[in-house]
Amino acid sequence: MLEHVLGSASLAKESLVYSYGRSFNGFAAKLSPPEVDTFSKMERVISVIPNHKLHLHTTHSWEFMDFSPGKIRPQEEGNIVIGFLDSGIWPESESFNDEGMSPPPAKWKGKCHNITCNNKIIGARYYNSEGLYPTTEFKSPRDAIGHGTHTSSTAAGREVDGASFLGLAKGTATGGVPNARIAVYKVCWDMLGCSNADILAAFDDAIADGVDILSMSLGSDDPQPFFDDALAIGAFHAMKHGVLSSASAGNSGPSPATASNLAPWMLTVAASSMDRKFISQVVLGNGEIYPGIAVNSFKLNGTSFPLVWAGDVANYSGGNGLLNAKNCLPGSLNSNKIAGKIVLCNSVLGDYTGVVMANGLGAIVSFPIPFLIDIALSYPLPATQVKTGDGDAILEYIRTTENPIGTILVGETWKDIMAPYVASFSSRGPNRLNPEILKPDITAPGLDILAAWSPVASPSGSPFDTRKVKFNVISGTSMSCPHASAVAAYVKALHPNWSPAAIKSAIMTTANVMDPRKNDDHEFAYGAGHVNPLAATNPGLVYNASEADYIHFLCKQGYNTSTLKQITGESNASCDGIVPGRAWDLNYPTFGVAVEDGQSVNATFTRTVTNVASANSTYRVTVQMPSSVNVEVHPKELSFSTVGEKKTFTVKVSGPKMVEQPIQSGTIVWKDGVHVVRSPLIVYTITPNSMTTSPFRPTERIGFGANSNNWNMHF
């Protein structure tokens, strides 16, 4: 095909980047716009999509969830392979030792390229369609930035005693399924991001290699229609082959409608806290003490040093004024005035770089955005982050004291009695592409997670940081995603024949209830609730869904036969006879009603549940909903005589006109005396044109910002 379009075999060979054929048919090639147009018109071509780039989204957590990794059914766990689309892995980490592990499962067809694998890491490939390798990178699956090492060890790392970040959070580090196997697909590169071409090549290999679960801590800041979304397309093909894709929701919170990875065949994971937080206190010369949030390993041994406010020490000769200086931006501070001193920064960006560059001894960062004070960052110098009010008090002390002094204490861990609550950065719903499908699906620990790290990567992300660590503490939906991936692998180990939708349903309907008083965005922040690993293995009932169900969903959303093929890759895919409408009939474990502002509430859902527990059981329904919304479920009782039996019920939701009302949320719960099958039901208002409302017409292309081609790892 390339030779036909380009005119010669040599040009075709030069253009070809990848040929996908192990799990789906396609190829990646370097083409000019006219050549793309020619291909788009060819009868044999289903779709042509640009090579967008994604970004990476970034072990007390298992104890926090009352789960003991690796203690139950370790042999079955060893049959499960988790594939990680990420930045690679550091294979020599203690978290990936294979002591006592048997050879890989007989089904495994993967390979290891340019690194040595073992019975723990059984596959390692790398993809770089652009052929560009920064000097910081390895031309192999080896991890140069730490992200992939951290996520893979969070999900499936072996037990490592005495793990810590330079003495902080010392204990035993372990993944959720320490006996499961790891397969690495390096698609993300330092400074370059993660390209569509590489991602699709990784999906093609991972599916054919025989992975059971895919974990993807990456995504786009601007969700794209599924036919233009490499992760959605790849995950669809994975679903067809029985593989569940677990993905991070993104780090653009707490703004609404920011969640990414919105396809209903993916498990989309938000990030929440656990009952441990990292504190580094500021002690002033007047005896006042202010708690700060930081992962601070530097010891000043209680010695006090001179304190200065960054706004008083601007580098005017370098062209910097008060604004740059107080934000401690690079080059903004006068090194003659801050050398050997602790600097107070009033930083909108949370920056400290100017202090390091000007040889300051330490930094106190007063962050003016109160909802971001939950993130404990690591710095390349003694530093901590304080609330705005505390920062103001410290500034007042500096201004009213002739020789102000202070110190920053080494970090320690405190118990957070408010946990769990959703992290401020975690991307929120509602779903911009399909308002009736609640996203994110679930939340899991993603704040201050200790896991393995690449020793060549800066633990703080700063080029000034020369520390080398084996374990690091970082935050992000990138960290919550592998927690959910591990739970999915655990469920798959105990129920190897369950479909991806069944596993996803089990995780969602058994989730622990989150406290809405701690989360203003309610289900838009945490989805069905907080993941509960043990309960997910025995859900009682599951909401199953097949490829045909998702195709019907896409057709209802306004996709036509042509655009449908761009996702499924099948020439016989068709939307004939399906009238576009709401997504209320997709057999999803949650219920969403998006009402245009000023309209009344009127929705009817049809759901089918499958019995996966006792042969003879009867479930009765209860509904919890604000009185302003009426919910009727028929029938109110479901009786099963066999395992695998299916029963269908309907849910009718009605209510008066809604005008700028906040989310009205409740639950539909089925109980049989042993199992509790809980599904959130949300009703909320949307304004016309506030998002891409259902039904979505693929021919009405959405306009994205200039950065829509830049995809991030979700740090």
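Cut-offs and rules
- Residues numbered from 1 in each chain as written.
- Predicted model: local features only at pLDDT ≥ 70, side-chain atom pairs only at ≥ 80, totals over all residues.
- Heavy atoms only, no water.
- Phe/Tyr/Trp six-rings, centres within 6.5 Å; stacked < 30°, edge-to-face > 60°.
- Helix = DSSP H or I, 4+ residues; strand = E, 2+ residues; numbered from the N terminus.
- Buried < 20%, exposed > 50% of the residue type's maximum accessible area, 1.4 Å probe, protein only.
- Lys NZ or Arg CZ within 6 Å of the ring centre and 35° of its normal.
- Pairing = 2+ DSSP bridges.
- Patch = residues over 30% accessible without salt bridge, like charges linked within 9 Å, V, L, I, M, F, W, Y side chains within 5 Å.
- Areas by Shrake-Rupley, 256 points an atom, 1.4 Å probe, with all protein chains shown as cover.
- Salt bridge = Lys/Arg side-chain N within 4 Å of Asp/Glu carboxyl O.
- Axes fitted to C-alpha atoms, helices over the stretch in contact; angles between N-to-C directions.
- Contact = heavy atoms within 4.5 Å.
- Parallel < 35°, antiparallel > 145°, perpendicular 65-115°, else oblique.
- Expected span 1.5 Å × (residues − 1).
- Disulfide = S-S within 2.5 Å.

S.K.: So what about the packing of aromatic side chains? Which residues, and what values?
M.R.: Taken as a whole and judged by the stated rule, the model has 19 aromatic pairs. Seen in terms of ring centroids, W584 and F605 are 5.8 Å apart; in terms of plane orientation they differ by 55°. Their pairing is tilted. Of this pair, W584 sits in the loop between helix 18 (561–568) and strand 28 (591–596) while F605 is found in strand 29 (residues 600–611), placing the two residues 21 residues apart along the sequence. The pair formed by W584 and F605 is uniform in burial state, with each residue classed as buried. Among the aromatic residues, ring-to-ring pairing joins F226, F236, W265 and Y550 into one connected group. The ring of W309 is capped by R399, whose NZ or CZ atom sits 4.9 Å from the centre of that ring.

S.K.: Tell me about the pairing of strand 1 (residues 16–20), and name the residues and values.
M.R.: In this sheet, strand 2 (residues 26–29) lies alongside strand 1 in antiparallel orientation, the contact comprising four bridges. Looking at the pairing, Y20 lines up with G26 of strand 2. Where strand 1 folds back onto strand 2 in an antiparallel hairpin, the turn is made up of five residues.

S.K.: Outline a nonpolar patch on the surface, supporting the account with residue identities and numerical values.
M.R.: A cluster of nonpolar residues, M1, L16 and F27, forms a patch on the protein surface that exposes about 230 Å² of accessible area. Relative to the helices and strands, M1 is located in the segment before helix 1 (2–6). Judged by relative accessible area, M1 falls into the partly exposed class, the value being 33%.

S.K.: Pulling in residues and values, what's your account of the sheet that holds strand 13 (residues 244–248)?
M.R.: The strand order across the open sheet formed by seven strands is 5-8-4-11-13-14-24, and the pairing between neighbours is parallel. Looking at strand neighbours, the two that pair on one side only are strand 5 (121–126) and strand 24 (442–445), the edges of this open sheet. Each strand axis lies, on average, 25° off the axis of its neighbour in the sheet, ignoring direction. Sheet topology note: the strand 4 (residues 81–86)/strand 8 (residues 181–186) ladder contains six bridges and is parallel. Following the sheet pairing, V81 is matched in strand 8 by R181. The strands touched by helix 7 (residues 196–209) are strand 4, strand 5, strand 8, strand 11 (213–216) and strand 13; relative to strand 8, the strand with the most contacts, the crossing angle is about 155°. Seen against the sheet, helix 14 (residues 500–509) touches strand 13, strand 14 (266–272) and strand 24 and runs at an angle of roughly 25° to strand 14.

S.K.: Explain the pattern of salt bridges to me, using residue names and the numbers behind them.
M.R.: Tallied over the full model, the rule gives 17 salt bridges. Close ionic contact of E637 with R620 constitutes a salt bridge, the shortest N to O distance being 3.1 Å. Of this pair, E637 sits in strand 32 (residues 637–640) while R620 is found in strand 30 (residues 617–624), placing the two residues 17 residues apart along the sequence. The network of salt bridges with shared partners includes R125, D205 and D209.

S.K.: So what's going on with the environment of F27? Which residues, and what values?
M.R.: Topologically, F27 is positioned in strand 2. With relative accessibility at 32%, the residue F27 sits in the partly exposed group. Separated by ten residues in sequence, F27 and V17 have C-alpha atoms that sit 7.4 Å apart. Ignoring anything within four residues of it in the chain, the contact list for F27 reads M1, L2, L16, Y18, S19, Y20 and F39.

S.K.: So what's going on with the packing of helix 8 (residues 230–240) against helix 18? Which residues, and what values?
M.R.: Where helix 8 meets helix 18, the closest approach of the two axes is 8 Å, and the angle between their N-to-C directions is 75°. In terms of axis orientation, helix 8 runs roughly perpendicular to helix 18. Contacts between helix 8 and helix 18 pair I233, F236, H237 and K240 from the former with Q566, I567 and T568 from the latter.

S.K.: Give me helix 7: which residues, what numbers.
M.R.: Given 3.6 residues to a turn, an α-helix orients residues that are three or four positions apart in the same direction. With 14 residues, helix 7 extends 20 Å between its outermost C-alpha atoms, agreeing within 8% with the 20 Å of an ideal straight helix rising 1.5 Å per residue. Across the 14 residues of helix 7, 14 count as buried, placing the element largely inside the fold.

S.K.: Give me the lowdown on the state of the cysteines, citing residues and values where you can.
M.R.: Under the definition given, this model contains four disulfides. Here C112 engages in a disulfide with C117; their sulfurs sit 1.8 Å apart. Handedness of the C112-C117 disulfide follows from its S-S torsion of about -105°: it is left-handed. For C112, a relative accessible area of 28% gives the class partly exposed. The disulfide partner of C555 is C575, and the gap between their sulfur atoms is 2.0 Å. Where C555 bonds to C575 through sulfur, the torsion about that S-S bond is close to -80°, and the disulfide is left-handed. In this pair, C555 sits in helix 17 (residues 547–556) while C575 sits in the loop between helix 18 and strand 28, placing the two residues 20 residues apart along the sequence. Summarising the burial analysis for this pair, C555 and C575 share the class buried.

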